[in-house]
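# Commentary on secondary and tertiary structure
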Amino acid sequence: MTGTRIAALGHYQPAKVLTNEDLAKLVDTSDEWISSRVGIRTRHMAGPDEPVDELAAHAAGKALATAGLGAADIDLVLVATSTAIDRSPNTAARVAARLGMGSPATMDLNVVCAGFTHALATADHAIRAGGARRALVIGADKMTEVTDWTDRTTCVLVGDGAGAAIVEAVADDAEPGIGPVLWGSVPEMGHAVRIEGTPPRFAQEGQSVYRWATQQLPALARQACERSGLTPEDLAGVVLHQANLRIIEPLAAKIGAVNAVVARDVIESGNTSAASIPLALAKLVERGELPSGAPTLLFGFGGNLSYAGQVVRVP
């Protein structure tokens, strides 16, 4: 058995930016209404010719370049997404083809907003078990494609993007860079966040999600810290699913991460579902707000009311 670490990160967002003022021209809303309720000011929107796998491939290419690796160095590709319209080839296989990879194992994971942290744990487990040597883990979603643009309760929330991480084994005598995962779900509350129908449309029961997240998640996040042998006070960073600033800020405070930089990428990116955690983490690292080796809690939650969290050391 050996540990794993995140070797490099990458992120990508489409060029088009949609402001709150732009949305006010589509539905009965305003910048003040959106900002005061969810904290979002802008979000990025992919065009009709930018599928999810293209967003994912851009982020993956950046991570590979940062790590100084080539496509042939990857033998496992995991993509967390819930907005890929086509079922086969899956998104991971499409990404592998775009990047010119050889013969990696390719799998998609659909755990919606908790997808990236589930995929990160899966890569960690696969490498520890000897099933892979180096993995490319991507969270990518095109939420604007599954949005009802006449529904002001949901269309103000979403954005598009992708984030990627290179996961690799560490030497037997080195400290692991990815801690044990704490994951689970609340199946009876699966109705609270949905992407259903033909065509598929995003819907949620916002108050139910808010109450559950603010009341239940602090204890779960502290358990994730404990599994890594740390206390919340030890954390240098906290990157929660970027759903709503009114959830992120109170939740970080309740966890007790008093010394941590808290990701607030939701302000400029909106809710990008499975992309939100790697996107926010990659930006913090790129801007130098989290130094190499900083212990950082990642915690995803949302669709299916699934959740997954682990403490990682940033590259």
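The following paragraphs examine the structure supplied in this document. (Residues numbered from 1 in each chain as written. Predicted model: local features only at pLDDT ≥ 70, side-chain atom pairs only at ≥ 80, totals over all residues. Heavy atoms only, no water.)

Attention now moves to the nonpolar core. Core analysis: the largest hydrophobic core is formed by 45 residues, its most contacted members being W212, L217, L235, L240, L297, F299 and F301. Of all the elements in the fold, those that place two or more residues in this core are α2 (31-38), α7 (206-227), β11 (237-240), α8 (245-255), β13 (295-301) and β14 (306-313). Top element by residues in this core is α7. It accounts for eight residues. Formed by 30 residues, the second largest nonpolar core is a distinct cluster that contains L120, A123, A132 and I178. (Core = buried A, V, L, I, M, F, W, Y, C linked by side-chain atoms within 4.5 Å. Buried < 20%, exposed > 50% of the residue type's maximum accessible area, 1.4 Å probe, protein only. Helix = DSSP H or I, 4+ residues; strand = E, 2+ residues; numbered from the N terminus.)

Turning our attention to the pattern of salt bridges. According to the stated counting rule, one finds 16 salt bridges in the structure shown. Linking R5 and E168 is a salt bridge whose minimum nitrogen-to-oxygen distance equals 2.6 Å. Separated by 163 residues along the polypeptide, R5 in strand β1 (residues 4-12) and E168 in strand β7 (residues 160-169) bring together distant segments of the chain. Judged by relative accessible area, which is 34%, R5 ranks as partly exposed. Between D53 and R98 there is a salt bridge; the shortest N-O distance is 2.5 Å. Remark: R98 occurs in helix α4 (residues 91-99) and D53 occurs in helix α3 (residues 52-67); sequence separation between them is 45 residues. Judged by its relative accessible area of 43%, R98 is partly exposed. (Salt bridge = Lys/Arg side-chain N within 4 Å of Asp/Glu carboxyl O.)

A few words on the environment of D148. Relative to the assigned elements, D148 resides in the loop between β6 (134-142) and α6 (152-155). Note on D148: relative accessible area 30%, which makes it partly exposed. Along the primary structure D148 and P200 are separated by 52 residues, whereas in three dimensions their C-alpha atoms are 9.4 Å apart. For D148, the contacting residues outside a window of four places in its chain are T154, C155 and R201. Side chain to side chain, D148 and T150 meet in a polar contact 2.6 Å long. (Contact = heavy atoms within 4.5 Å. Polar contact = N/O pair within 3.5 Å; in protein donor to acceptor, adjacent residues only side chain to side chain.)

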